[in-house]
Amino acid sequence: MLRYFLSGASGIRNEVLPRVAALIPYRLLSMHSAFKGNTKTWTAVSHHPDSGMKEVMLDSGAFTAFTKGHKVELNDLIATYDDTIRKLNPKLQVWLINLDVIPGSFGKVATPSEVVDALARSDDNYKILKKRYGSRVLPVFHQTEPNSRLREVVGMNDFVAMGFRQDFAEEHRIRCAEESLEYAHSKGILVHGLATTGYKMLSRAPFDTVDSATWLYIAAMGGISYVSESGTIDSIAISQESPQQRTLRAHYRTLPYDEQQFILNRIAEAGTCLKEIESDLSYRILFNAHQMREWLKSYKRPVIKREQGLFL
């Protein structure tokens, strides 16, 4: 079964949070200071008797810092990792993402020398983190890096992370993911996809684990995600405040009666009601977590269609 780490800052009300945590076996937390409150919330709920959490992945927050014109210092990250691990339920499996040094500056293409330097410093960080935390630390391969780098990263650990550019054409991203996974799996290596979800991607690329904040983003925008009759995940606006209330088939209230009833049945299965979903972000988050769990029950790991690969 695909291990799907739900990520993102939540803002869930305290009385609803344990119900949400009961539905989430896998959770990713960013260590960037902007999400400090969210980390505090989830480390606390990991001890709740109703929590379903089994594994937690801690992301360095390097990319978030990069987009803000800052960088994460290794010693600061180690202190944050140590503090978070200490506060988490000790029964949980904890994974850590390496502190990547991102070349150049946000919005500017890095020079070749900047890329080489960044990779060398990323590897230095990985060696230090692995010495401290062992094989729980995942080195990272990025789509824009050369094939030789993929081979290096795959040789570093038996569980690695890979990131694929959201601003690239989808077909190119998916094909690169297929080829990278095919190579890693041929070496017996497990692969985590960093924020690379999307149902077309997951229907073709056989990741072992992934993470995504889409479940929270949709809820925050006044929508829900639900398992359709065909087994896919569909989304629809449902909030009373949504500007799409008068747009045909863009809002729950503008759907045909039978489709509304289908969604109502899904809502009931999640243990909530339409009034709560329409008016309260926390219940939309609860519903989306429930539907992700239900979708994953029937998810079938894809088999890559054999073509001449780049790396084999």
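Parameters at a glance
Residues numbered from 1 in each chain as written. Predicted model: local features only at pLDDT ≥ 70, side-chain atom pairs only at ≥ 80, totals over all residues. Heavy atoms only, no water. 1 Å grid on protein atoms, 1.4 Å probe; cavity = no way out; pocket = protein on both sides within 12 Å on 5 of 7 lines; lining within 4 Å. Points joined across faces, edges and corners; volume = space filled by probe spheres on them. Helix = DSSP H or I, 4+ residues; strand = E, 2+ residues; numbered from the N terminus. Phe/Tyr/Trp six-rings, centres within 6.5 Å; stacked < 30°, edge-to-face > 60°. Buried < 20%, exposed > 50% of the residue type's maximum accessible area, 1.4 Å probe, protein only. Lys, Arg positive; Asp, Glu negative; His and termini not counted. Salt bridge = Lys/Arg side-chain N within 4 Å of Asp/Glu carboxyl O. Polar contact = N/O pair within 3.5 Å; in protein donor to acceptor, adjacent residues only side chain to side chain. Contact = heavy atoms within 4.5 Å. Pairing = 2+ DSSP bridges. Axes fitted to C-alpha atoms, helices over the stretch in contact; angles between N-to-C directions. Parallel < 35°, antiparallel > 145°, perpendicular 65-115°, else oblique. Left-handed = near helix turned anticlockwise from the far one by under 90°. Core = buried A, V, L, I, M, F, W, Y, C linked by side-chain atoms within 4.5 Å. Arc of directions from axis to C-beta. Nonpolar A, V, L, I, M, F, W, Y, C, P; charged D, E, K, R; others polar.

Student: Please explain the layout of surface pockets as it appears in this structure.
Tutor: Taking a probe equal in size to a water molecule and rolling it over the atoms shows the remaining empty space. Its boundaries defined by the atoms lining it, the second largest pocket holds a volume of some 340 Å³. Considering the residues around the second largest pocket, the lining is formed by 18 residues, among which Lys71, Asp100, Val101, Ile102 and Arg121 are closest to the centre. Breaking the lining of the second largest pocket down by element, the ones donating at least two residues are helix H3 (62-67) and helix H5 (112-133). Here the lining of the second largest pocket takes five residues from H5, the largest share from any one element.

Student: Explanation requested: the packing of aromatic side chains in the structure shown.
Tutor: The way to describe two aromatic rings as a pair is by their centre distance and the angle between their planes. In total, this model carries seven aromatic pairs according to the counting rule given. On the basis of an interplanar angle of 90 degrees and a centroid distance of 6.0 Å, the ring pair of Tyr81 and Tyr133 is categorised as edge-to-face. Of this pair, Tyr81 sits in helix H4 (residues 74-87) while Tyr133 is found in helix H5, placing the two residues 52 residues apart along the sequence. Overall, Tyr81 belongs to the buried group, its relative accessible area being 0%. A relative accessible area of 8% places Tyr133 in the buried class. A network of ring pairs unites the aromatic residues Tyr199, Trp295 and Tyr299 as a single cluster.

Student: How should I be thinking about the side chain of Asp211 in this particular structure?
Tutor: Within the fold, Asp211 resides in strand S9 (residues 209-212). The charged side chain of Asp211 is buried without a salt bridge, its nearest counter-charge being Arg27 at 8.7 Å. Engagement of the side chain of Asp211 in a polar contact is seen with the side chain of His192, the distance being 2.7 Å. Those residues in contact with Asp211, other than ones at most four positions away along the chain, are Phe5, Ser7, Leu28, His192, Gly193, Leu194, Ala195, Thr196 and Thr197.

Student: Honestly, the pairing of strand S7 (residues 159-163) in this entry has me stumped. Any pointers?
Tutor: As a general feature of sheets, a regular strand has side chains that alternate between the two faces. Of all five residues making up S7, five are buried, and the element is well covered by its neighbours. Residues Phe159, Ala161 and Gly163 point to one face of S7 and Val160 and Met162 to the other, with burial holding for every one of them. Sheet analysis places strand S6 (residues 140-142) next to S7, joined by three bridges and oriented parallel. Looking at S7, one finds that His142 is bridged to Gly163.

Student: Would you explain the packing of helix H6 (residues 147-154) against helix H7 (residues 170-186) in this entry?
Tutor: Between H6 and H7, the shortest axis-to-axis distance is 10 Å and the interhelical angle comes to 40 degrees. Comparing their axes, H7 and H6 come out oblique. For the pair H6 and H7, the sense of crossing is right-handed. On H7, the residues that touch Leu150, Arg151 and Val154 of H6 are Ser180, Tyr183 and Ala184.

Student: What is the right way to read the nonpolar core from this model?
Tutor: In a soluble, globular protein the nonpolar side chains are often hidden away together inside. Counting residues in hydrophobic clusters, the biggest one holds 77 residues, and the most contacted among them are Tyr4, Val20, Trp42, Met162, Phe207, Trp215 and Trp295. A total of eight residues in this core trace back to one element, the largest contributor, which is helix H12 (residues 281-297). Not counting the four nearest positions on each side in its chain, Trp295 is found in contact with Tyr4, Tyr199, Leu202, Val227, Gly231, Thr232 and Ile233. Core analysis: the second largest hydrophobic core is formed by 11 residues, Phe5, Trp95, Leu138 and Leu194 among them.

Student: What am I meant to see in the pattern of salt bridges here?
Tutor: Any two side chains of opposite charge can pair, so long as their charged atoms come close to each other. One pass over the structure, following the stated rule, counts 21 salt bridges. Arg175 is paired through a salt bridge with Glu179; the nearest N and O atoms lie 3.1 Å apart. One end of the pair, Arg175, and the other, Glu179, are both in helix H7, four residues apart, so they sit about a helical turn from each other. Looking at Arg175, the relative accessible area reads 15%, which means it is buried. Classification of Glu179 by relative accessible area gives buried; the value is 8%. Residues participating in the shared-partner salt-bridge network are Glu171, Arg175, Glu178, Glu179 and Arg204.

Student: Please clarify how the pairing of S9 should be interpreted in this entry.
Tutor: Of the two faces of S9, both are covered, the one formed by Thr209 and Asp211 as well as the one formed by Val210 and Ser212. Across four bridges, strand S1 (residues 3-6) lies against S9 in parallel orientation. Residue pairing for S9: Tyr4 is matched across the bridge by Val210. Of the pairings in the sheet, the one linking strand S8 (residues 190-194) to S9 comprises two bridges and is parallel in character. Counted as the bridge partner of His192 is Thr209 from S9.

Student: Hey, could you run me through H6 in this one?
Tutor: Working note: α-helix, 3.6 residues per turn, so residues spaced by three or four point in the same direction. Along H6, the residues that are buried comprise Arg149, Leu150, Val153 and Val154. The buried residues of H6 occupy an angular sector of 135 degrees when projected down its axis, which confines them to one face. Check the buried side of H6 and you find it contacts H5, S6, S7 and H7.

Student: What am I meant to see in empty space enclosed by the protein here?
Tutor: Tallied over the full model, the rule gives two cavities of 30 Å³ or more. Approximately 50 Å³ is the volume attributed to the largest cavity. If you trace the largest cavity, you find it lined by Tyr4, Leu6, Tyr199, Ser212, Thr214, Trp215, Ile218, Ser225 and Met292. Broken down by secondary-structure element, the contributors of at least two residues to the lining of the largest cavity are S1 and helix H9 (214-220). In terms of residue count, the dominant contributor to the lining of the largest cavity is H9 (three residues). Within the lining of the largest cavity, the residues separate by chemical class into six nonpolar, three polar and no charged. Estimates place the volume of the second largest cavity at around 40 Å³.

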